[in-house]
Amino acid sequence: MHSILPKLTRQISPGLRRLMLLTLLLAISLPSFALTFTVDGIKYETIYSTTDNEVKVSVQPSTISGDIIIPASVTYDGRNYTVTQIVEHAFYFCDMMTSLSIPGSINLIDEDAIVGCKSMTSINVAPDNQIYASVDGVLYNKNVTELLCCPRGKKRYQSLRVSRQSEERASNFLTCTP
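Along every chain, residues carry numbers that run from 1 in the direction the sequence is written. Local features in this predicted model are restricted to residues whose pLDDT is 70 or higher, and side-chain atom pairs enter the listing and the counts only when it is 80 or higher, whereas totals over whole chains, interfaces and linings include all residues. Side-chain metrics in this entry use all non-hydrogen atoms of the structure; hydrogen atoms and water are not considered.

### Here's the deal with the overall build of the protein
Each helix and strand counted, the protein has three helices and 14 strands in total. Within the protein, residue pairs in contact and separated by at least 24 positions form 42% of the contacts whose partners lie at least 6 positions apart. When the accessible surface of the protein is totalled, it reaches about 10900 Å², and 54% of it is carbon and sulfur. Helix and strand definitions follow DSSP, with helices as H or I runs of at least four residues and strands as E runs of at least two, each counted in order from the N terminus. By definition, residues are in contact when any of their heavy atoms lie within 4.5 Å. Only the protein chains shown count as cover for residues, and all accessible areas are computed by the Shrake-Rupley method using a 1.4 Å probe.

Structure (structure tokens):
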């Protein structure tokens, strides 16, 4: 077999080798191009690491405002997508946003997904979410043992349940005022 490969390589013309290399490079690079689109004012990006039609909530313009409700699924260009992630800086200093509702389909929220939204008073998670929960408008892990994000507009820091192991992580982005 070792001697067959060099013979086969010599039989392929240089032009065909270049074409094969170009085709291989294109095939490798295609998954890195994500489709981005907006539905009902929320920006999404496809996730190519999955075989299903999944999207993540992408970085939103800082002008997004009001009560934001992320749906469990969206339809774009005749295709149905499940919303499963919220990316880092998705809601970054969106000062006119007042609340965020997260569906049961979300299985990953990047650590800095919600930062500096000064008017936000609550984050609400659907009860059927298997990873996250909310209590009094504050985002926790499902077992409510780790505080993940407190809306900046929330005024009652003393009432928050924070476990000892999550204190260090929560202090990195906790913005509740006492």
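Next comes the rest of the write-up.
### As for the pattern of salt bridges
By convention in these notes, a salt bridge is any Lys or Arg side-chain nitrogen within 4 Å of a carboxyl oxygen on Asp or Glu. Inspection of the entire model under this criterion finds one salt bridge. E45 serves as the salt-bridge partner of K56, at 3.9 Å between the closest nitrogen and oxygen. With a gap of eleven residues between them, K56 in strand β3 (residues 54–57) and E45 in strand β2 (residues 42–46) connect regions that are remote in the sequence. Of the residues examined, E45 reaches a relative accessible area of 22% and is grouped as partly exposed. To sort residues, take the accessible area from a 1.4 Å probe on protein chains only and compare it with the maximum for the residue type: under 20% means buried, over 50% means exposed, and anything in between is partly exposed.

### Remarks on the environment of Y92
Mapped onto the elements, Y92 comes out in strand β7 (residues 91–92). Using a relative accessible area of 39% as the deciding quantity, one classes Y92 as partly exposed. In this structure the C-alpha to C-alpha distance between Y92 and P61, which are 31 residues apart in sequence, comes to 8.2 Å. Not counting residues up to four positions away in its chain, the partners in contact with Y92 are S62 and V115.

### Side note on the packing of aromatic side chains
Side-chain rings of Phe, Tyr and Trp, where Trp is taken by its six-membered ring, are said to pair if the distance between their centres is within 6.5 Å; with planes under 30 degrees apart they count as stacked, over 60 as edge-to-face, and otherwise as tilted. This model, assessed by the stated rule, comprises four aromatic pairs. Centre to centre, the rings of F37 and Y44 are 5.8 Å apart; their planes meet at 35 degrees, and the pair counts as tilted. Residues F37 and Y81 carry aromatic rings whose centres are separated by 5.3 Å and whose planes lie at 35 degrees to one another, so their mutual orientation is tilted. In this pair, F37 is assigned in strand β1 (residues 36–39) and Y81 in strand β6 (residues 79–86), connecting sequence segments 44 residues apart. Just as F37 is buried, Y81 falls in that class too. Cluster of aromatic residues (ring-pair linked, three or more members): F37, Y44, Y76 and Y81.

### Looking at the sheet that holds strand β4 (residues 65–69)
By way of backbone hydrogen bonds, the strands of a sheet pair with one another, either parallel or antiparallel. Reading across from one edge, β4-β8-β11 is the order of the three strands in this open sheet, with parallel pairing throughout. Either end of the sheet is taken by a strand with one partner, and the two such strands are β4 and β11 (122–125). For this sheet, the mean angle separating the axes of adjacent strands, direction not counted, is 10 degrees. Any two strands are treated as partners once DSSP identifies two or more bridges connecting them. Summarising the sheet, β4 and strand β8 (residues 96–102) pair through five bridges and their orientation is parallel. If you follow S65 over to β8, its bridge partner there is M96. In this description, a line fitted to the C-alpha atoms serves as the axis of each element, helices being fitted only across the stretch in contact, and the angle between N-to-C directions of two axes falls anywhere from 0 to 180 degrees.

### Structural notes on the state of the cysteines
Sulfur atoms of two cysteines make up a disulfide when they are within 2.5 Å. If you walk through the whole model with that rule in mind, you get zero disulfides. In this model C94 remains outside any disulfide bridge; the closest cysteine sulfur is found in C117, 4.7 Å from its own. The buried category is assigned to C94, whose relative accessible area is 0%. The structure places no disulfide on C149, whose sulfur is separated from the nearest cysteine sulfur, that of C150, by 7.1 Å.

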